[in-house]
Amino acid sequence: MSDPIVALVLLAVLIGLLALGVWVAIALIVVALVAIVFFSNAPAGLVMATTLWGHSHSWALAALPLFILMGEILLRSRLSQDMFSGIAPWIGRFPGRLLHVNILGCAIFAAVSGSSAATAATIGRMSVPELKERGYPESMILGTLAGSATLGLLIPPSIILIVYGVATEQSIARLFVAGILPGAMLVLLFGLYVAGYAWTRPERIPEEPAHSWGEKLYAARRLIPVGLLIAGVIGSIYTGIASPTDAAALGVVLATILAFASGSFGWKDFMEALMAATKTSCMIAFILVAAAFLSISMGFTGLPRNLAAWIGSLELSQGALLAALTLFFVVLGCFLDGISVVVLTTSIIMPMVQAAGIDPLWFGIYLVIVVEMSQITPPVGFNLFVIQGLTGIDILRVAKAALPFFFLLVLGVVLITVFPGIVTWLPSLMGR
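Residues numbered from 1 in each chain as written. Predicted model: local features only at pLDDT ≥ 70, side-chain atom pairs only at ≥ 80, totals over all residues. Heavy atoms only, no water.

Quick word on the overall build of the chain
A tally of helices and strands in the chain yields 22 helices and zero strands. Sorting the 432 residues of the chain into buried and exposed places 53% on the buried side. In the chain, the proportion of contacts linking residues at least 24 apart, taken out of those at least 6 apart, comes to 79%. As displayed, the chain offers around 18,200 Å² of accessible surface, 70% of which is attributable to carbon and sulfur atoms. (Helix = DSSP H or I, 4+ residues; strand = E, 2+ residues; numbered from the N terminus. Buried < 20%, exposed > 50% of the residue type's maximum accessible area, 1.4 Å probe, protein only. Contact = heavy atoms within 4.5 Å. Areas by Shrake-Rupley, 256 points an atom, 1.4 Å probe, with all protein chains shown as cover.)

Examining the pattern of salt bridges
Within the structure shown, the criterion is met by one salt bridge. Notably, a salt bridge pairs Arg397 with Glu138, separated by 2.6 Å at the nearest N-O pair. Here Arg397 is found in helix α21 (residues 395-418), whereas its partner Glu138 is found in helix α8 (residues 138-149), with 259 residues between them in sequence. A relative accessible area of 30% places Glu138 in the partly exposed class. (Salt bridge = Lys/Arg side-chain N within 4 Å of Asp/Glu carboxyl O.)

Things to note about the packing of helix α19 (residues 360-374) against α21
Look at α19 against α21: their axes get within 9 Å of each other, and the N-to-C directions meet at 170 degrees. Between α19 and α21, the interaxial angle falls into the category roughly antiparallel. The segment α19 lies against α21, with Trp362, Tyr366, Ile369, Val370, Glu372 and Met373 engaging Phe406, Leu409, Val410, Val413, Ile416 and Thr417. Its residues assigned to classes, the contact of α19 with α21 shows ten nonpolar, one polar and one charged. (Axes fitted to C-alpha atoms, helices over the stretch in contact; angles between N-to-C directions. Parallel < 35°, antiparallel > 145°, perpendicular 65-115°, else oblique. Nonpolar A, V, L, I, M, F, W, Y, C, P; charged D, E, K, R; others polar.)

Any functional reading would require information beyond the geometric quantities listed.
The structure is reproduced here in structure tokens:
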């Protein structure tokens, strides 16, 4: 049977299982078994057993549940509210005023949670009622929240970067550091858009009271705990003092101490955070080991190798290949969550990416930004669902409000493509 027919059969099986509501991990395992049993001579049972066992005790993967637990602890503590109160006085005179709270709040929380959904839920719970009460336009409240919450996928520590690093055997520490400047770039782009909106529609932005330097500095004390947490986690990775897994353990300890010290966090909250982190970690780990099995099974069929050779024969430029992949990932992201997109595609995409001479480290950041776009595209934009649940507003209205930020993410992809040093410069300093 020819390769295109094999690929279509496996794709049809996968789409059919997902359409029936089968868990993503189970669907991947079934497709992998179909590939091995019907399109190769490998012993399916032995391959499945060794692959699932071999990929289930990866040390790099240990950072994943720890970072998730850190985010869950912060989600249930008063630290997130303190963050809002600490930022607001400093930006009340900026064009766009408190709309920047969504952007900066999401950026800061992204740097300690690693989750896009947790960022949207935490910041939205604080900012949406406050901004509505002050009279800010609904479309900008929802748009800044939906767009900025995607930073949880990029600004380290990022859960999806851990997944990509494990799936492609890239250094997680270097991926984390590579995400810093692109994350800052997106924060700047979002802030400039809000400022431009405020300059062109000044009547829609309410006035805010002025604050003295003393009041600003007094409010800024609330940012100290979160700042220490970010410095402890990211600083220990960048300086080489700790691996991502060690830094994740440090982050959990610091987050727990700070949460208990805030007086708003008790043992009941800690147990809830522990259970929520366990459920999420098990789900992601199950998908990862299933994806590893699918990747191995694809290798036995020869599809990735032949596909990479075919792509190479087309002699596409890097730009043309990236344009095609961007469209592919955005469409795929309309139906699957970000982690599933990464684990489903890396085994097939990476050979052609490497054949085109694209740096896998750079490609990881590119892929995350493209997946960020899918977080705010219907029908399965996770950030849209989170914000709809928070506000009760129709998901299409939320998606419309998020549309300008989708195009800003597209601009972000263009900028890192034209200027790859935005991604690669900081990691290059780590080896010095």
